[in-house]
Every structure is written in C-alpha cells, then in structure tokens.
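Each chain is listed here by its residues.
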Number of protein chains: 2
Amino acid sequence: MTSISLEDVMALEQRETTSLIGSDKVEGTAVYGRDEQKIGSIDRVMIDKMTGKVAYAVISYGGFMGIGDDHYPTPWASLKYDTRLGGYVVGITADLLNNAPRYSNDNEWSWSRETDERVYDYYKAAPYW
Amino acid sequence: MTSISLEDVMALEQRETTSLIGSDKVEGTAVYGRDEQKIGSIDRVMIDKMTGKVAYAVISYGGFMGIGDDHYPTPWASLKYDTRLGGYVVGITADLLNNAPRYSNDNEWSWSRETDERVYDYYKAAPYW
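(A) Spotlight on the overall build of chain A. Secondary structure summary: chain A contains four helices and seven strands in total. Helices (α) and strands (β) of chain A occur, in sequence order from the N terminus, as α-β-α-β-β-β-β-β-β-α-α. Within chain A, the fraction of its 129 residues that count as buried is 47%. Taking contacts inside chain A between residues at least 6 apart in sequence as the whole, the part at least 24 apart equals 41%.

Below, the structure is given as structure tokens:
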C-alpha cells in the first residue's frame, strides 16, 4: 500500500503555482496529441545557460520503459498544459509528428543553432535565442 | 562496484551541451559560496509557464538528507557554473546569505510578484518577468 503524507502533498504543491512550475514536475508529465490520445511523456527541459530560457522540452514518443524511444526536441511554446487531461497537449497532428525532428540515440543529435532553426521552423515557433 | 556503460555516458552527455543544460542535470548539482566551500545543492528550477523563462533555482542549504533544509529561491542569473568545482557558485557572501529570502516548510512560501521582487531585489538581479 502506498500512503501519501501531508508533507508529501505540500512538497508536491510547492512544485507548481499559478504562474510557475518546477522542473521536476515537468519531467515525466504525459503529452497528448490533438486528438487527446496520450502519445508520450517529457524527458526533461533543455535550458539556455546564458539567458535562462527553456529552449526545448524533450519528449519521448513510443518505445517501452525508455528502450526504443524516439526523442523529440520541442519548443516550449508549442506545448499547452491541459488541466483536464493533466498533461501537455502538443498542437501538431499525427501526420506532422511523423516527420518531426527527432533522435533515437542520444549521440545522434547535434545541438546547434542550425538544429535550433530546423526544429523551430518545423513547429513554426518564435525562436528562443 | 558501480560500472558505467558507454550508453550511460552518452545519455549523460546529452543532458548538457555548450549552450544548453538539461533540467535533470541541474537538479542535485552542488552549490558553492564565494569561498569555494560547498554550501548546498539545487532542488529544482522554477519555470515561468507562459514565457518559458527560468524564474528561480531553488537551492537547499544545510540540513541532512532533505530534513531541516532551508530552501532559497535564487535568480538563475545569480548562479555561475564553475567547471573546475563542478557546481554553481552563488555570488553572495555568507553574511548576505544569512538574511536571504528562504522557506523551511514548503507551505511557508507564497510565490507571487511581491516575493519575486523581494528576491530579485535582494540578489540585485534583472527581473525575469
């Protein structure tokens, strides 16, 4: 049996306010497609060290227990939190997702301004840089 | 004995690039004072949901295994990563830290524009909002 103490609940609450959210609360949160089907979850956010802006949420779609996952760097602004679903909705169709920039192994992705532009162009998002 | 596979190393590397850092890599990272003494570690970063800007790193100083810790919301810009120390250096003296805004229980802190101003004024940091 799992019990949750009042302290746990408070600690959890502290990870989110009206305007702010804790990074550890974002990690692992479910991601839904436009059709409200759960399609993945958030691995982590990537933060621009200099400006402190979130450059990407890295989302894993598919796979099982982290094996065989594809990782999609996604502009933060392309995710909308849905309180009813309890997760983020990514505003692109399944078709568009099929061609979205991704990597399967961590060493396959080279983070650079060039890939920044490719991803942000793809999601038609305003650059974080 | 703990062994680290090549995959682990790659996965780790992926959490940091020249300009970007993963939220899960920031969490738990050591924090040093001006005198290069380790004084705490980072709990999490708090992200502004609308703008995607990191509003705070929440730092725990003191305590043991999370019990009795004090939590200090700290402007991201007030932390400088030191590659030699392998952690963040917070550019305030121990004296200044003694009076820095903090909370001990999670429910003691009310995140609001008023507390934003208090913290950012204290660290003389440029507002994230």
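(B) Summary view of the pairing of strand β4 (residues 54-61) of chain B. Residue and element names in this part refer to chain B. For β4, a buried count of eight out of eight residues is recorded, marking the element as mostly surrounded by other parts of the structure. Here seven bridges tie strand β3 (residues 38-48) to β4, and the two strands are oriented antiparallel to one another. Among the inter-strand pairings, Gly40 is bridged to a residue of β4, identified as Tyr61. In this structure, the hairpin formed by β3 and β4 is closed by a connection of five residues, where Gly52 is found at a positive phi of approximately 70°. Sheet analysis places β4 next to strand β5 (residues 70-74), joined by five bridges and oriented antiparallel. Within β5, the residue paired with Ala57 across the bridge is Thr74.

(C) Local environment of the packing of aromatic side chains. The tally for this structure, following the rule as stated, stands at 26 aromatic pairs over all chains. Seen in terms of ring centroids, B:Tyr103 and B:Trp111 are 6.3 Å apart; in terms of plane orientation they differ by 75°. Their pairing is edge-to-face. One exposure class covers both B:Tyr103 and B:Trp111, and it is buried. Residue B:Trp111 is classed as buried on the basis of its relative accessible area, which comes to 14%. Taken together, the aromatic side chains of A:Tyr56, A:Tyr103, A:Trp109, A:Trp111, A:Tyr120, A:Tyr128 and A:Trp129 make up a single cluster linked through ring pairs.

(D) Molecular detail of the relation of the copies chain B and chain A. The operation relating chain B to chain A is a screw motion whose rotation component is 180°, with 0.0 Å of axial translation and a residual RMSD of 0.0 Å. What the superposition gives is, in effect, a two-fold axis relating one chain to the other. Residues of chain B ranked by C-alpha distance from the rotation axis are headed by B:Lys53, positioned 2.2 Å from it. Of all interface residues in chain B, 100% are interface residues in chain A too; the two copies therefore contact each other through one and the same surface.

(E) Region of interest: the side chain of A:Arg44. Within the element layout of this structure, A:Arg44 appears in strand β3 (residues 38-48). Side-chain polar atoms of A:Arg44 contact the side chain of B:Asp24, separated by 3.0 Å. Look past the residues within four positions of A:Arg44 in its chain and what remains in contact with it is A:Glu27, A:Tyr56, A:Ala57, A:Val58, B:Arg15, B:Gly22, B:Ser23 and B:Asp24.

(F) Here's a closer look at the interface of chain B and chain A. Contact residues are listed per partner, giving 33 residues for chain B and 33 residues for chain A. In this assembly, chain B and chain A are joined by two salt bridges. Taking the shortest distance from any N to any O, the salt bridge between B:Arg44 and A:Asp24 comes out at 3.0 Å. Applying the counting rule to chain B against chain A returns 16 residue pairs in polar contact (both at pLDDT 80 or more).

(G) Molecular detail of helix α4 (residues 113-122) of chain B. Residues and elements named next belong to chain B. When α4 is considered as a whole, its buried residues turn out to be Thr115, Asp116, Val119 and Tyr120. Along the axis of α4, the buried positions cluster into a sector of 125°, meaning they face one direction only. Of the exposed residues in α4, those oriented more than 90 degrees away from the buried face are Glu114 and Asp121. Structurally, α4 contributes buried residues whose contacts are with β4 and β5. Among the residues trailing α4, Lys124 stands out with phi positive, at a value near 50°.

Definitions and cut-offs
Residues numbered from 1 in each chain as written. Chains lettered and ligands numbered in written order. Predicted model: local features only at pLDDT ≥ 70, side-chain atom pairs only at ≥ 80, totals over all residues. Heavy atoms only, no water. Helix = DSSP H or I, 4+ residues; strand = E, 2+ residues; numbered from the N terminus. Buried < 20%, exposed > 50% of the residue type's maximum accessible area, 1.4 Å probe, protein only. Contact = heavy atoms within 4.5 Å. Pairing = 2+ DSSP bridges. Phe/Tyr/Trp six-rings, centres within 6.5 Å; stacked < 30°, edge-to-face > 60°. Least-squares fit on C-alpha atoms with pLDDT ≥ 70 in both. Polar contact = N/O pair within 3.5 Å; in protein donor to acceptor, adjacent residues only side chain to side chain. Salt bridge = Lys/Arg side-chain N within 4 Å of Asp/Glu carboxyl O. Arc of directions from axis to C-beta.

The quantities given are spatial measurements derived from coordinates; they are silent on function.
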